Amino acid sequence: MIESPLTLSTLFRIGPIPITGPVVVTWGLMAALTVLGLLATRALTLSPNRYQTVLELVVGAIEDQIRATMRVEPRPYVPMVGTLFLFILFANWSSLIPGVEPPTAHIETDAALGVIVFAAIIYFGIRARGVGGYLKTFAEPSIVMIPLNLVETFTRTFSLIVRLFGNVMSGVFIIGIILTLAGLLVPIPLMALELLVGAIQAYIFTVLAMVFIGSALGERRARHEEEGRS
Amino acid sequence: MHIDWWTLALQTVNVLILVWILGRFFFRPIMEVVAKRQQEANKLLEDAARERDEAVNMRAEADKVRANIAARREDLIAAARAEVQSEKQNMLAQTSQELAKLRADADAAIVRDRAAAEAQLIAHAGDLSVEIARRLLGRVPHRVLLRTFLDEICAEVQSLPAEARDGVAAAVTTGRQVEVVTAAPLSDQEMQNVSATLEKAFGAELPLVFRSDPAIIAGIEVHGPNTIIRNSWAADLERIRRELKA
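Residues numbered from 1 in each chain as written. Chains lettered and ligands numbered in written order. Predicted model: local features only at pLDDT ≥ 70, side-chain atom pairs only at ≥ 80, totals over all residues. Heavy atoms only, no water.

## Focus: the overall build of chain B
- Assigned secondary structure in chain B consists of 6 helices and 4 strands.
- Reading chain B from its N end, one meets helices and strands in the order α-α-α-α-β-α-β-β-β-α.
- Relative to its length of 246 residues, chain B is extended, with a C-alpha radius of gyration of 66 Å against a globular reference of 18 Å.
- Along the first, second and third principal axes, the C-alpha set of chain B runs to 210 × 40 × 25 Å.
- Taking all 246 residues of chain B together, the buried fraction comes to 26%.
- Once local pairs closer than 6 in sequence are excluded, the contacts in chain B between residues at least 24 apart make up 73%.
- In the form shown here, chain B has an accessible surface area of approximately 16900 Å², with 57% of it arising from carbon and sulfur atoms.
- Across chain B, the centroid of the 32 positively charged side chains sits 7 Å from that of the 36 negatively charged ones. (Helix = DSSP H or I, 4+ residues; strand = E, 2+ residues; numbered from the N terminus. Rg over C-alpha atoms; globule rule 2.2 N^0.38 Å. Buried < 20%, exposed > 50% of the residue type's maximum accessible area, 1.4 Å probe, protein only. Contact = heavy atoms within 4.5 Å. Areas by Shrake-Rupley, 256 points an atom, 1.4 Å probe, with all protein chains shown as cover. Lys, Arg positive; Asp, Glu negative; His and termini not counted. Charge placed at Lys NZ, Arg CZ, Asp CG, Glu CD.)

## So, the overall build of chain A
- Tallying secondary structure elements over chain A gives 6 helices and 2 strands in all.
- When its helices and strands are written in sequence order, chain A yields β-β-α-α-α-α-α-α.
- Summarising its shape, the C-alpha atoms of chain A cover approximately 60 × 55 × 40 Å along the three principal directions.
- Split into buried and exposed, the 230 residues of chain A put 41% on the buried side.

## Focus: the interface of chain A and chain B
- Taken residue by residue, the interface counts 46 residues in chain A and 32 residues in chain B.
- The tally of links from chain A across to chain B stands at 1 salt bridge.
- Note that Arg37(B) and Glu56(A) form a salt bridge whose closest N and O atoms lie 2.6 Å from each other.
- Our count for the chain A to chain B interface comes out at 8 residue pairs in polar contact (both at pLDDT 80 or more).
- The leading source of residues in the side of chain A that touches chain B is helix α1 (residues 21-40) of chain A, at 10 residues. (Salt bridge = Lys/Arg side-chain N within 4 Å of Asp/Glu carboxyl O. Polar contact = N/O pair within 3.5 Å; in protein donor to acceptor, adjacent residues only side chain to side chain.)

## A word on the packing of helix α2 (residues 50-70) of chain A against helix α1 (residues 5-137) of chain B
- Interaxial distance between α2(A) and α1(B) falls to 10 Å at its minimum, and their mutual angle equals 95°. By the angle between their directions, the pair α2(A) and α1(B) is classed as roughly perpendicular. From α2(A), Gln52(A), Leu55(A), Glu56(A), Val59(A), Ile62(A) and Glu63(A) reach across to α1(B), where they touch Phe26(B), Phe27(B), Ile30(B), Met31(B), Val33(B), Val34(B) and Arg37(B).
- Split by residue class, the contact of α2(A) with α1(B) holds 9 nonpolar, 1 polar and 3 charged. (Axes fitted to C-alpha atoms, helices over the stretch in contact; angles between N-to-C directions. Parallel < 35°, antiparallel > 145°, perpendicular 65-115°, else oblique. Nonpolar A, V, L, I, M, F, W, Y, C, P; charged D, E, K, R; others polar.)

## Considering the packing of helix α3 (residues 78-93) of chain A against helix α4 (residues 107-136) of chain A
All names here are of chain A.
- Packing of α3 against α4 brings their axes to within 12 Å, and their N-to-C directions diverge by 170°. In terms of orientation, α3 lies roughly antiparallel with respect to α4. Facing Met80, Leu84, Phe87 and Ile88 of α3, the residues of α4 in contact are Thr109, Leu113, Ile116, Val117 and Ala120.
- Here the residues of the contact of α3 with α4 are counted per class, giving 8 nonpolar, 1 polar and no charged.

## With respect to the confidence of the model for chain B
- On average, residues of chain B score 88 in pLDDT, and 99% of them reach the 70 mark or higher.
- Averaged pLDDT values for the elements of chain B fall to 76 in helix α4 (residues 171-174) of chain B and rise to 91 in α1(B). (pLDDT = per-residue confidence, 0-100.)

## Observations concerning the environment of Leu244(B)
- You can see Leu244(B) is positioned in helix α6 (residues 233-245).
- Between the C-alpha atom of Leu244(B) and that of Leu136(B), which follows or precedes it by 108 residues, the distance is 23 Å.

Here it is, written out as structure tokens:
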């Protein structure tokens, strides 16, 4: 990697739409995840084998994380949260494939994820509390806090975007520089570290998304769903 | 830093599509199978709890039935014992009654047999005595015996009331006969002697007829129209027998 990760080059165009590298890699990830998902769930039974047990363990862990973080019944939020985690994780780890640049190393992909989380916060907040109830959350704990809450709504999403972008982009950037300066095998420890960073960043992004969505649901909603679950 | 808005829009759409795809074909099937297994497990647990409750109820019912059986068994044993006791008392009473009746019957039979034996003994003794007397009398001369019994019957005639003696004596006038019975036939001399002695005793002439009857053993009897005068051993033995029976 010799060019800046902050720049995007158009690979081809579909009509007026320029198709860049992150989009193509994302399509590949989508195809791989879809195929893996279909293969994994094609023979689910009530008596699980070893692989099904692992899958159920993963989904169960996501559910437990949602339940612990958002304190709600996790089922409606599993597709959203689980897909964010898996996509970011596999996107971060796609840097292991030679010649593939992770989509999350580009601000557009991270911004797209941030926009989705931002929309999800509003959608789930309005669905749980209504438009009025959701807007009232900006006046909590007092009406004086409205400007700060409005700013926080955008800044926390922006911090989400920048955190993911900075960590992944910096990892890719450093590895590219070291690869340019040193030999072939020198970046391997850094790549292993990048794997860990990628997993951690996927986890952090997903947990923060859950926290933001959970805060939009409010205490009343959370308590209600907690009683309903019990 | 430049942001490619087309890429941002495409990535947004891509992630949303991926959310839908994974939600539809990955997360939902796994969650459904887990939920279904949970339902099955809950159903199994509920079935197990229900069957456990049913088993507990059945055991309670069985315990109750067993208690009833035990109580009924005790009642039956008590009733059987009472019935056996009652039957035993009845059998004892019945046996006692039968024993008393048998004893009474035996006593009566003994008394009856003893009386019959005594009567038989007396009769046998009488026959034996008659036979002994007959054999002994066979050694005494007939005329001595006749003389003795004739004297005794004359004395008896003398001791009769006058009406009875006259009744016999009046047989001549009434045309009836006076029968003289002896054990052995008399000779003519003896008949004349007896006739003379009796007519003297009665003080009148008598129409006498003689007849022999070995049943009187020894002696002489006079059978008048209304009066019978016996002086025979058969009459004596009969009198003695009646006295012994009395």
